[in-house]
Each structure stands twice: as structure tokens, then as C-alpha cells.
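Inside the fold
What follows is each chain in one-letter form.
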Amino acid sequence: MPETKTEDLVTYDCAERIVTLTLKRPDKLNALSGALLSRLEDCLARFDADPEADVAILCGGGRAFSSGVDVQESQLRSREELRQARDPMAPGTPVGDFLAYSVNSKPVIAAVHGYALGLALGLVLKCDLIVAEEGARFQVTETARGLGGYRHWPLLSQRAAPAFADEVCLTGRFFTAQEAQAAGLLARLAAPGELLDCARALAGELAAIPPLSLRETLRVQRWHRQRFAAEVAFQTEGVKLELTEDFEEAARAFAEKRKPGPFKGR
């Protein structure tokens, strides 16, 4: 199979001042590779500067929003490579800095169907508003992989009920769009098959608001979210859980499609 061109990994479509950014690795459930995230950065910079665009919708093509980090690329590496690697949600990374340095603070809506797992959940939580289709599922996969859910915790805590954020980050269990809605995480819950229509309706409402009024509110919201995440990043700067035996076992079990363990706490 020929390699997907970088420009095809995320598509940019603008109509009626609304941009639709679509993740396009459907054969990999839109797993977030370095190339895809780099292309997404470029598309967001284009949206930020586009005089014809006021609102963006971020969605996934195919069966899911995204299955999360590209495990083959990011986690199944040598110990030395892992030692030098950065946490993909740390400050200075595409997901860690997602929307943090935009000039115009235009709203971005995440539209989720299927799955948003691990790093993809982090990407969704960085968006300004979240719309999800009934039946969509979310998970802090880092918990079971031995990497900890501490990157997702501040984002979830600010957006949902704190007790709910504590529980899903500590257990790493799947949670549904309906649970997310009940916890206050979603702006809208879409009926099956109506996700993009629902997201576009919300985008249309935003596009009708005086843009400077909207953008100043978003600038303040983003600054406060980023500050909380930065405090967690400072506290965990020296943590390298990807060098533990438990992470190695979890990653190997994932690759071998078996149940991981027993874990040793080292």
C-alpha cells in the first residue's frame, strides 16, 4: 500500500466561514503519528490566519475520531529511544501546546464518534467545545499502560465533575458519551448519524457572534486551562514511567494482543 502523503493526513475544508479539519488515517483508526500531528499544526495555523474562517470543527474520518497515539511509532521503541523521547502531551509538543499560542483565538469544536482514546482524548480536551455522538467511547489509556493519567486529569477536572475526572483517570476505564454529557464534559450530545450536523449547527451559532467578543472569552479560558496543565507538567517533569518494567510489559502485551501482567511496581 502506498504511503499517505502528509498533506492528506488532515484535510482542510472551508465553507460558510466554518473550517472542517478531518483526520485521515482511517486504516489505522486515525492513530496520531508525528506526521499527522505536524500536519494538524499546519492546518490550525492556516485556520488561525484565514480571513474567511471563524470557527473550526475537528473530526475523524472513517470509523472513529482516533484510537490515540501511534503505538508502533511512539511506545514500541528501544529503551534509549524512550529515555530521550518526550511525553506527547508535555508542553512544547503538538498536543501539549494545542491552541495555546494561537494569535486570533478562534473557536475549535471537537466532533467525536467511535473512539477518542489516550492522546486523542487529550487532543479533544484541548478543544474549546466538545460534541460527541451517542455511543462514542473515551478512555485514559495511559493508566493501564503504566504511564499514568496525570496529563488528562487537569483537563478533565476543569471541564467535568471533579469526582468523575478522578475516577476515570485512576481506573482508566472506558466511559461513554452519555456519561461525559452527564458529567458536564460535552457541549452537545448528537444522535447517531447526526454528529457533523450537530457540530455545524453549534459552529453556526458561534460564527454569528461578534468575533472579538467571542475570541476574548476564549483567550481567557485557554490561558486558565493551560496554566493548570502547566502546573501539573512542572510537578511531573522528571517522571519517566515509560522506562519502568510495568510499562514495558504493558506495551509488549498490547503488541502481542494479550492480557498484560502481572505488574511488579517497578
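This report concerns the structure included in the present document.

Rules behind the numbers
Each chain has its residues counted from 1, running along the sequence as written. For a predicted model such as this one, the threshold for reporting local features is a pLDDT of at least 70, and the threshold for listing and counting side-chain atom pairs is 80 or more; totals across whole chains, interfaces and linings nevertheless cover every residue. The side-chain numbers reported here are obtained from all heavy atoms of the structure, hydrogens and water having been left aside. Using a grid of 1 Å spacing that covers the protein atoms alone, one calls a set of points a cavity when a 1.4 Å probe fits there but cannot get out, and a pocket when the set is open and has protein on both sides within 12 Å along at least five of seven lines; lining residues are those with an atom within 4 Å of a point. Grid points are joined across faces, edges and corners, and a volume is the space filled by probe spheres set on the points. Going along the chain from the N terminus, every DSSP run of H or I of four or more residues is numbered as a helix, and every run of E of two or more is numbered as a strand. By salt bridge we mean one thing: a side-chain nitrogen of Lys or Arg within 4 Å of a carboxyl oxygen of Asp or Glu. Using a 1.4 Å probe on the protein chains alone, a residue whose accessible area is under 20% of its type maximum counts as buried, one over 50% counts as exposed, and one in between counts as partly exposed. Any residue that is not Ala, Val, Leu, Ile, Met, Phe, Trp, Tyr, Cys, Pro, Asp, Glu, Lys or Arg is counted as polar, Gly included; the first ten are nonpolar and the last four charged. Pairing of aromatic side chains requires ring centres within 6.5 Å, counting the rings of Phe and Tyr and the six-membered ring of Trp. Pairs whose planes differ by under 30 degrees are stacked, by over 60 edge-to-face, and all others tilted. Whether a charge sits over a ring depends on NZ of Lys or CZ of Arg being within 6 Å of the ring centre and within 35 degrees of the ring normal. The angle between two axes is taken between their N-to-C directions and runs from 0 to 180 degrees, where each axis is a line fitted to C-alpha atoms and a helix contributes only its stretch in contact. Two helices cross in a left-handed way if the nearer one is turned anticlockwise from the farther one by less than a right angle. They cross in a right-handed way if the turn is clockwise. Contacts between residues were defined by any pair of non-hydrogen atoms, one from each residue, lying within 4.5 Å. Only strands joined by at least two bridges in the DSSP assignment are considered to pair.

1. A word on empty space enclosed by the protein
This structure, assessed with the given rule, holds three cavities of 30 Å³ or more. When its volume is computed, the largest cavity comes out at roughly 100 Å³. Taken together, 13 residues form the lining of the largest cavity, with Met89, Pro91, Lys126, Arg151 and Ala229 sitting closest to its centre. Counting residues per element, the ones that place at least two in the lining of the largest cavity are helix H5 (152-159) and helix H9 (211-235). Per-element tally for the lining of the largest cavity: the top contributor is H9, with five residues.

2. What to know about the pattern of salt bridges
All told, the structure shown has 15 salt bridges when counted by the stated rule. When the shortest N-O distance is used, the salt bridge between arginine 17 and glutamate 52 registers 3.9 Å. Of this pair, arginine 17 sits in the loop between strand E1 (10-15) and strand E2 (18-23) while glutamate 52 sits in the loop between helix H1 (34-49) and strand E3 (55-60), placing them 35 residues apart in sequence. A relative accessible area of 33% places arginine 17 in the partly exposed class. Residue aspartate 54 is joined to arginine 215 by a salt bridge in which the shortest nitrogen-to-oxygen separation is 3.5 Å. On the criterion of sequence distance, the pair formed by aspartate 54 in the loop between H1 and E3 and arginine 215 in helix H9 is long-range, its members being 161 residues apart. As far as burial versus exposure is concerned, aspartate 54 and arginine 215 are alike and both buried.

3. Things to note about the layout of surface pockets
Picture a little ball the size of a water molecule; that probe, rolled over the atoms, points out where space is still empty. Of the voids in this model, the second largest pocket is the one considered here, and its volume is about 280 Å³. Forming the walls of the second largest pocket are 16 residues, and the residues nearest its centre are Glu41, Leu44, Leu99, Tyr101 and Ser102. Of the residues assigned to the lining of the second largest pocket, the class counts are ten nonpolar, one polar and five charged.

4. Comments concerning the packing of aromatic side chains
According to the stated counting rule, one finds three aromatic pairs in the structure shown. Taken together, a centroid distance of 5.3 Å and an interplanar angle of 15 degrees make the contact between phenylalanine 138 and phenylalanine 175 stacked. Pair noted here: phenylalanine 138 is in strand E7 (residues 137-139) and phenylalanine 175 is in strand E8 (residues 175-176), with a separation of 37 residues, a long-range link. Residue classification places phenylalanine 138 among the buried positions, given a relative accessible area of 1%. Judged by its relative accessible area of 0%, phenylalanine 175 is buried. Members of the aromatic cluster, each reached through a chain of ring pairs, are Phe138, Phe164 and Phe175. Its guanidinium or amino end placed over the ring of phenylalanine 47, lysine 106 lies 5.2 Å from that ring's centre, counting from NZ or CZ.

5. Here's the deal with the packing of H5 against H9
The interhelical angle for the contact between H5 and H9, taken along N-to-C directions, is 145 degrees, at an axis separation of 8 Å. Handedness of the crossing formed by H5 with H9: right-handed. Residues Trp153, Pro154, Ser157, Gln158 and Arg159 of H5 pack against His224, Arg225, Phe228, Ala229 and Val232 of H9. Split by residue class, the contact of H5 with H9 holds five nonpolar, three polar and two charged.

6. Quick word on the sheet that holds E7
Through backbone hydrogen bonds, the strands of a sheet pair up, either in parallel or in antiparallel fashion. Strand order in the open sheet made by the three strands is E5-E7-E8, with mixed pairing throughout. Either end of the sheet is taken by a strand with one partner, and the two such strands are strand E5 (115-117) and E8. As defined by bridge partners, E5 adjoins E7 across three bridges and the pair is classed as parallel. Counterpart to tyrosine 115 in the pairing with E7 is arginine 137. Sheet strands touched by helix H4 (residues 119-126): E5, E7 and E8. Its angle to E5, the strand with the most contacts, is close to 100 degrees.

Shape descriptors only; they carry no functional weight alone.
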